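This is what each chain is made of:
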Amino acid sequence: MNRFALALAGLAFVGVAAAQTSPGLVNGLRGPTPLEDEAKPPVFPKIVNDDQRKARNYPMQPPLIPHQTDNYQLDLNFNKCMSCHGRSRVEESNAPMVSVTHYQDRDGNMRAEISPRRYFCLQCHVVQTDAKVPVKNSFEDFYKVEAAAKKGKPK
Amino acid sequence: MSLKETVLGWWQTLTSPSRFLSLGLLTLGGFIAGIFFWGGFNTALEATNTEKFCTSCHEMRDNVFQELKPTIHYSNRSGVRATCPDCHVPHNWTDKIARKMQASKEVWGKIFGTIDTREKFLAHRLELAQHEWHRLKSNDSLECRNCHNYQSMDFTRQSKRAMDQHSTALASGEKTCIDCHKGIAHRLPDMKTAAGQ
């Protein structure tokens, strides 16, 4: 019995190894390219630029950027994001204002300008592209899970 | 002979009728010489109006030209591009000559090395940028509009934010291109000291 299980495990291992080297395997990120070859990089996906605000997937998610940010200067000298999203600019630009929490420094003091620890917007806020996801995501947010639980379906 | 007498002598020659040369030779000769002079002048002027000329100085080649390269005015999908003079020299003749006369200050700067190092360039960057913003603000962004014609803008082909701004603030003339589109072809200087970023 023990030997049989070992043989089965061995077979399974060989099977997996064969599958990994087979050129037909479609790995999400690599595609069908064999391991020893370099995959052809895909074309750059287009950045979503429709200016439609996206719902947050979970409460603390930094809001996504629904527009292109190509060549927007964001460095020691200048923060392009703030020229529309800054407090004094939103009236003209109709852009959503940077959250008040972003004006707070780490000691909780409110500052007149955006806090240095929040300065680099793109650290948390990102653009979206029309790229096909290589790995499917089964994440469901709280509302869906809760609704499913109320219906009695374990989800 | 004193200097005064020499000058007076030349003046007399200039103001008296010619003794040996015919009127025809003088007028026709003057006309033909004029053509050559004008051709030469214009050729020289146009030669200074090329990107090759601008980037022949390291001040331009190593600083601003490098910054232009990744921007849309240098590399883009259709391959149409702007060169230095497209934005920095007026196309209209009178304005062009006026700008060229102003540029003699830049020759001065080149000779005396006003921005001949990266550090000096960065120190002057805000002032230099402000000159250009002022120029574009006061001529209603003429150099932008030489290519970006408002009449030919199709708002429906623009993104929503672009459409919103162009159909209101730009359409009413309340704003001009440079008011919003600063730093699109070169990096911006430290803007904390700039009035009204």
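These numbers come from a predicted model, not from an experiment.

A. Inspection of the overall build of chain A at higher detail. Counting its regular elements, chain A contains 4 helices and 0 strands. Of the regular secondary structure in chain A, the N- to C-terminal order runs α-α-α-α. Taken over 155 residues, chain A has a buried fraction of 6%. By sequence separation, contacts in chain A at least 24 residues apart represent 38% of the contacts at least 6 residues apart.

B. Broad picture of the overall build of chain B. Helix and strand counts for chain B stand at 11 helices and 0 strands. Secondary structure of chain B in N-to-C order comes out as α-α-α-α-α-α-α-α-α-α-α. Relative to the compact-globule value of 16 Å for 197 residues, chain B shows a C-alpha radius of gyration of 24 Å, a clear excess of over 25%. Counting every position in chain B, which comprises 197 residues, the buried fraction comes to 8%. Taking the contacts inside chain B whose residues are at least 6 apart along the sequence as the reference set, 60% of them involve residues at least 24 apart.

C. View of the interface of chain B and chain A. Residue-level contacts link 14 residues of chain B with 9 residues of chain A. Residue classes in the side of chain B that touches chain A are distributed as 5 nonpolar, 4 polar and 5 charged.

D. Fine view of the environment of T156 of chain B. With respect to the element layout, T156 of chain B can be found in the loop between α9 (142–145) and α10 (160–170). Spatially, the C-alpha atoms of T156 of chain B and K100 of chain B are 39 Å apart, while their sequence positions differ by 56 residues.

E. Seen up close, unusual backbone geometry. Unusually for a residue other than glycine, D51 of chain A sits at a positive phi of about 60°. Even without being a glycine, D140 of chain B presents a positive backbone phi close to 55°. Here D140 of chain B is to be found in the loop between α8 (118–138) and α9. Classification of D140 of chain B by C-beta neighbours within 10 Å gives exposed; the count is 12.

F. Quick look at helix α4 (residues 58–68) of chain B. All names here are of chain B. Buried residues of α4: E59, M60 and L68, and no others. All buried residues of α4 lie within an arc of 85° about the axis, which places them on one face of the element. Along its buried surface, α4 packs onto α3 (51–54) and α8.

G. Structural context of helix α4 (residues 142–151) of chain A. Counted residue by residue, α4 of chain A has 0 buried out of 10 residues, so it is predominantly exposed. Of the residues trailing α4 of chain A, G152 of chain A is marked for its positive phi of about 95°.

H. Layout of the confidence of the model for chain A. Residue and element names in this part refer to chain A. In this model, chain A carries an average pLDDT of 82, and 79% of its residues clear a pLDDT of 70 or more. Across chain A, the element-wise mean pLDDT spans from 54 in helix α1 (residues 2–21) up to 92 in helix α2 (residues 82–85). Overall, residues 14–19 carries pLDDT values under 50, and its contacts beyond four positions in sequence, including any with other chains, amount to 1 contact.

I. Expanded view of the environment of C81 of chain A. Residue and element names in this part refer to chain A. Along the chain, C81 turns up in the loop between α1 and α2. According to the C-beta neighbour criterion, C81 is buried, with 21 such atoms within 10 Å. When neighbours within four sequence positions are excluded, C81 is seen to be in contact with Y72, L74 and C121.

J. Representation of the confidence of the model for chain B within the structure. With 97% of its residues at a pLDDT of 70 or more, chain B has an overall mean of 91. Interface confidence for the predicted complex, expressed as ipTM, amounts to 0.74; the pTM equals 0.76.

Reading the values: rules and limits
Residues numbered from 1 in each chain as written. Chains lettered and ligands numbered in written order. Predicted model: local features only at pLDDT ≥ 70, side-chain atom pairs only at ≥ 80, totals over all residues. Helix = DSSP H or I, 4+ residues; strand = E, 2+ residues; numbered from the N terminus. Buried ≥ 20, exposed ≤ 12 C-beta atoms within 10 Å, placed from the backbone. Contact = placed C-beta atoms within 7 Å. Rg over C-alpha atoms; globule rule 2.2 N^0.38 Å. Nonpolar A, V, L, I, M, F, W, Y, C, P; charged D, E, K, R; others polar. Arc of directions from axis to C-beta. pLDDT = per-residue confidence, 0-100.

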